[in-house]
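# Structure assessment
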There are 2 protein chains.
Amino acid sequence: MSSKQATGKKGIIDCDVHVYPKSREELNKYLPQPWRDWYRPLTRAYGNIQGNRADAKPPGGGGAGTDPDFLREQLIDEYGIDYAILLPRAMLNNLPNPDMASAVAAAYNDWLADTWLDKYNHDGVFKGSLYIATQDPAGAAREIERWAGHPHFVQVMTDSGATAPFGQRQYYPIYEACEKYGFPLAIHPGTDGMGINHQPTPGHPTRYIEFHTCLSLAFQAHLVSFLTEGVFVKFPKFKIALVEGGVSWLAPLMWRLDAEYKGLRYEVPWLEKRPSEFLRDHVRMTSQPIERPDDDKYLFAMLEAMDAEHILMFASDYPHWDFDSPRRAFPKLPDELHRRIFFENAKEFYNL
Amino acid sequence: MSSKQATGKKGIIDCDVHVYPKSREELNKYLPQPWRDWYRPLTRAYGNIQGNRADAKPPGGGGAGTDPDFLREQLIDEYGIDYAILLPRAMLNNLPNPDMASAVAAAYNDWLADTWLDKYNHDGVFKGSLYIATQDPAGAAREIERWAGHPHFVQVMTDSGATAPFGQRQYYPIYEACEKYGFPLAIHPGTDGMGINHQPTPGHPTRYIEFHTCLSLAFQAHLVSFLTEGVFVKFPKFKIALVEGGVSWLAPLMWRLDAEYKGLRYEVPWLEKRPSEFLRDHVRMTSQPIERPDDDKYLFAMLEAMDAEHILMFASDYPHWDFDSPRRAFPKLPDELHRRIFFENAKEFYNL
């Protein structure tokens, strides 16, 4: 199917699309001093020579994910996508200086609004993620407040790297602001084991394949923290999206945690129901990279066990190397399940 | 069924039974100076008031798992167990001083041989685990050599806590010795986030329920390391047992890792087959704490997907609070699968 034939909408919301400033100069326009001079992004210790899809470089120049027209052609029109949830990659949770981290977050938000959400968005297909720095909870709350009511920001986002599991109380000003202004919080891989964050495995992995496989483990630890700390009891309208953290670990982890709860609930008396019972009201996962066992029957078993009908939202991770095509990512799904995963769950979650 | 009625063997090998010195003095008999004076076990930051089964204290005094006669009565005879694989809890991987760690490991081994394996073992029901300290690989290799040929030591063991993932090359003297002397290596939870080991999650959990749920994540990271580093290529007869690290995460993790391998195999050219294909020849898991979803059909799907018929070995974790009874741990299994999990897999793995 060429992009010219595929201009109609197909009932797809893509929940993980990455966009980038064309250059540091483009970001600098939104970054005040002294941060414009002082800010140096940290280099990731685990490199991947593949990075982005080779064909995602816009013909007019610039890197993948920097050209709205080309992204429309290669992703939105090609697959008939109704909404693309845009996630910049600011990678801030690794910075020691919370003022710098919050300033860079604000610059990314101003840049995203100005470059993608307010311009190039006549049809409203682009929905944005508000970056925050978790090492500055009060600053993050102010940043969330600053964007309340914007027509195209649909969630707050942060990196999975952290100095503490995300259920802990130092983060609550962020969750309070998310709840107050109606933003879910998306957590996306990034900054694990970098800068101020310890590597969340027993010591440092050796290569990217090991590092990247283990990224999902940090998501599991954060989710256990959110659940056991009672974040969803304290903030009953607060919701999270686990983006690009893997999918089929959810049911096994919940079996384990529910069993622990049975024996150890005296530690968490605020939980009046089993941890897994909070998921449907509070937690969503995005699909990419969806696991594909040799026999899809096991994937179907896990989708059923994890309540994918209510929990899972499609994502492509465009323009990254491990992009999941909406046409090929999943085995043939029952129509209703397909519609829930590709469209309805995200439509409800983001109020689209 | 009372213990008096159940003296016959039932085709059960219990792969995780904990035994302890009656007192520090009992261990000290095997611990030379200066370590006898210098060694102080570190206290775990995450306490659990339950600890051991309340009924596991021997009537004659002493703590749970310290009295061979009482352990025979409460576990071996009660359930008709053919062999019990004994795992002491020395907890050494957290100690900064490798000489101290190896000295304490040797003391535990001398104590275990003397107290359980050589005495109280007329029928050979007790099989032992040789403790080593992974921060002293050459010392660990010497300790393994010291016990080569002992009739009742069937494996080497270490704690899951570590300063580096276990696939890394600094550990290879240990694996070389294991392979040479025919010992598998068992990894058991312990020392994670203690002493010299960083906590293998994004920051420190708050409570035992969170810490304990996340113990399985360190096992996943170690397994990914063993597989991607090519340990089983370099040591083709070396095998590992993942003890008490959870079960049903295995298939989802392998789906993820195999997919990563598809895209990233240029990083690991020594792997001439998919990572998951090494499991049957090299990796076993023990069952406790086995996950029990509300609907056992999902557990059966995961047992099938993980090749439990060849990979999984029953364990009770006696005398701990979350003991899995051989009678109730699993749903009713098909006869052949039951026999593989409860007996044959361990019989083959440990050459019993």
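Cut-offs and rules
- Residues numbered from 1 in each chain as written.
- Chains lettered and ligands numbered in written order.
- Predicted model: local features only at pLDDT ≥ 70, side-chain atom pairs only at ≥ 80, totals over all residues.
- Heavy atoms only, no water.
- Pairing = 2+ DSSP bridges.
- Helix = DSSP H or I, 4+ residues; strand = E, 2+ residues; numbered from the N terminus.
- Contact = heavy atoms within 4.5 Å.
- Axes fitted to C-alpha atoms, helices over the stretch in contact; angles between N-to-C directions.
- Buried < 20%, exposed > 50% of the residue type's maximum accessible area, 1.4 Å probe, protein only.
- Least-squares fit on C-alpha atoms with pLDDT ≥ 70 in both.
- Salt bridge = Lys/Arg side-chain N within 4 Å of Asp/Glu carboxyl O.
- Disulfide = S-S within 2.5 Å.
- UniProt positions renumbered as here; feature names shortened; annotations may be inferred.
- Buried area = accessible area lost by both parts, 1.4 Å probe.
- Polar contact = N/O pair within 3.5 Å; in protein donor to acceptor, adjacent residues only side chain to side chain.
- Nonpolar A, V, L, I, M, F, W, Y, C, P; charged D, E, K, R; others polar.

The next subject is the sheet that holds strand β5 (residues 185–188) of chain B. Paired through backbone hydrogen bonds, the strands of a sheet run either parallel or antiparallel to each other. Residues and elements named next belong to chain B. The sheet built from 8 strands is open, its strands ordered β1-β2-β3-β4-β5-β6-β7-β8 with parallel pairing. The strands lining the two open edges of the sheet, one partner per strand, are β1 (12–18) and β8 (312–313). Of the strands in this sheet, β1, β2 (81–87) and β3 (126–131) touch helix α3 (residues 68–79), which is tilted by about 145° from β1.

Before going further, it helps to examine the pairing of β1(B). Residue and element names in this part refer to chain B. The buried fraction of β1 amounts to 7 of the 7 residues, a majority that puts the element mostly inside the structure. Sheet topology note: the β1/β2 ladder contains 5 bridges and is parallel. Each bridged residue has a counterpart across the sheet, and for Asp14 the counterpart in β2 is Ala84.

So, on to the environment of B:Leu242. All names here are of chain B. For Leu242, the location among the structural elements is in strand β6 (residues 240–242). On the basis of relative accessibility, which here comes to 1%, the residue Leu242 falls in the buried class. Each C-alpha atom, one on Leu242 and one on Met100, is 25 Å from the other, the two residues being 142 residues apart in sequence.

Least-squares fitting of chain A to chain B yields an RMSD of 0.0 Å, with the transformation described by 0.0 Å of translation along the axis and a rotation of 180°. In symmetry terms, the pair is related by a two-fold rotation axis. No C-alpha of chain A lies nearer the rotation axis than that of A:Pro200, which sits 2.3 Å from it. With an isologous cut-off of 70% or more, the 100% of interface residues of chain A that recur at the interface of chain B puts this contact in the isologous class.

A word on the pattern of salt bridges. Taken as a whole and assessed by the stated rule, the structure comprises 28 salt bridges over all chains. A salt bridge links B:Glu304 to A:Lys297, with the shortest nitrogen-to-oxygen separation between them at 2.8 Å. Separated into two different chains, B:Glu304 in helix α11 (residues 296–305) and A:Lys297 in helix α12 (residues 296–305) make up a pair that spans both. A single salt-bridge network, built from bridges that share partners, covers A:Asp110, A:Glu143 and A:Arg146.

Attention now goes to the state of the cysteines. Counted according to the given criterion, the structure contains 0 disulfides over all chains. Unpaired in this structure, A:Cys178 has its nearest cysteine sulfur neighbour in A:Cys15, at a distance of 17 Å. No disulfide involves B:Cys214; its sulfur sits 14 Å from that of A:Cys214, the nearest cysteine. Judged by its relative accessible area of 6%, B:Cys214 is buried.

Cross-referencing UniProt, the feature "domain: Amidohydrolase-related" (unreviewed entry) maps to residues 13–352 of chain A in the present numbering. Between the C-alpha atoms that bound residues 13–352 of chain A the distance is 10 Å, and the span itself is 40% helix and 11% strand.

What follows deals with the interface of chain A and chain B. Counting from both sides, the interface comprises 66 residues of chain A and, opposite them, 67 residues of chain B. Overall, the association of chain A and chain B removes approximately 5400 Å² of surface from exposure, summing both partners, and the carbon and sulfur fraction of that is 59%. Area buried by chain A at its contact with chain B is led by A:Pro202, A:Ile209 and A:Arg256, which between them contribute 15% of it. Between chain A and chain B we count 6 salt bridges in total. Where chain A meets chain B, there are 26 residue pairs in polar contact (both at pLDDT 80 or more). Elements represented by at least two residues in the side of chain A that touches chain B include exactly α7 (208–213), α8 (215–229), α10 (250–264) and α12 of chain A. Split by residue class, the side of chain A that touches chain B holds 32 nonpolar, 22 polar and 12 charged.

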